[in-house]
Structures are given as structure tokens and as C-alpha cells.
Amino acid sequence: MGTPTLPAAPARALRPIHSAALLEGPAGVALHLHGSDGAMTQVPLTLAALREIAALAGAAVTSQAAQDRLPGL
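These figures come from a predicted structure and were not determined experimentally.

Student: Quick question: what am I supposed to make of the overall build of the protein here?
Tutor: When you go through the protein residue by residue, the secondary structure sums to one helix and three strands. Each helix and strand of the protein, placed in order from N terminus to C terminus, yields the pattern β-β-β-α. Within the protein, buried positions represent 7% of all 73 residues. A separation of at least 24 residues holds for 6% of the contacts in the protein among residues at least 6 apart in sequence.

Have a look at this one:
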């Protein structure tokens, strides 16, 4: 028998984001998303999520640096 899988959570549309901030509190790190309509959404982040965000940001910087070095692009 395989590992049971959980049903996927339904996708939910987010409001347009005006700004975002990473804040650390007693419960850990959370991403605070502020909508252009004044609404705020808090997304708690695990250490694994923070590592993934850092890896994606690093990959984006590396990719941009590589494109900057290519002539004619």
C-alpha cells in the first residue's frame, strides 16, 4: 500500500498585492501581504519555505546576471 494522499485544497484567488513584508514574531516568521483595498493576509512560513524562497531569489539573481553578460539580448 502506498502513502495516502490528502485531497488538494481548492485554489483561491488573491487580491492584488500592494506591498509585502516578512515579520518575525513569537509564533515564527510570517509573510504579510497588503492588498490595494487595505486588506491584509498573513501567511505563516516554515523554515523549509524560507529556504525555498531564498533559493528562488538566488536563482533569479543568477539568471539575470547571466542575461546581463550575454551580448545582444
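Let's pick the thread back up.
Student: How should the pairing of strand E3 (residues 40-45) be read in this particular structure?
Tutor: The side chains of a regular strand alternate, residue by residue, between the two faces of the sheet. Relative to E3, strand E2 (residues 28-35) runs antiparallel, the two being bridged by six bridges. Bridge assignment links His32 to a residue of E3, and that residue is Gln42. Turn length for the E2-E3 hairpin, with the two strands adjacent in sequence and antiparallel, is four residues, and the turn residue Gly38 shows positive phi of about 95°.

Student: I keep staring at the side chain of His32 and nothing clicks. Help me out?
Tutor: Following the sequence through the fold, His32 ends up in strand E2. A polar side-chain atom of His32 sits 3.2 Å from a polar atom in the side chain of Gln42. Ignoring any residue separated from it by four or fewer positions in sequence, one finds His32 in contact with Ser19, Ala20, Ala21, Leu23, Met40, Thr41 and Gln42.

Student: Even after reading the chapter, I still don't get the pairing of E2, so can you show me in this structure?
Tutor: Relative to E2, strand E1 (residues 17-25) is paired through eight bridges, and the arrangement is antiparallel. In the strand pairing of E2, Leu22 is matched with Leu31. Counting the residues in the hairpin turn of E1 and E2 gives two residues.

Student: Explain the sheet that holds E3 here, please?
Tutor: Two strands in a sheet stick together by hydrogen bonds in their backbones, pointing the same way (parallel) or opposite ways (antiparallel). The strand order across the open sheet formed by three strands is E1-E2-E3, and the pairing between neighbours is antiparallel. A single partner strand is all that each edge strand has here, and the edge strands are E1 and E3. Along the sheet, successive strands turn relative to each other by an average axial angle of 20°, direction set aside.

Student: Explain the environment of Ala39 to me, please; I cannot follow it from the model alone.
Tutor: Position of Ala39 relative to the elements: it lies in the loop between E2 and E3. Along the chain, Ala39 and His18 lie 21 residues apart, while their C-alpha atoms are 9.8 Å from each other. With residues near it in sequence (within four places) discarded, Ala39 still touches Arg15, Leu33 and His34.

Analysis parameters
- Residues numbered from 1 in each chain as written.
- Predicted model: local features only at pLDDT ≥ 70, side-chain atom pairs only at ≥ 80, totals over all residues.
- Heavy atoms only, no water.
- Helix = DSSP H or I, 4+ residues; strand = E, 2+ residues; numbered from the N terminus.
- Buried < 20%, exposed > 50% of the residue type's maximum accessible area, 1.4 Å probe, protein only.
- Contact = heavy atoms within 4.5 Å.
- Pairing = 2+ DSSP bridges.
- Polar contact = N/O pair within 3.5 Å; in protein donor to acceptor, adjacent residues only side chain to side chain.
- Axes fitted to C-alpha atoms, helices over the stretch in contact; angles between N-to-C directions.

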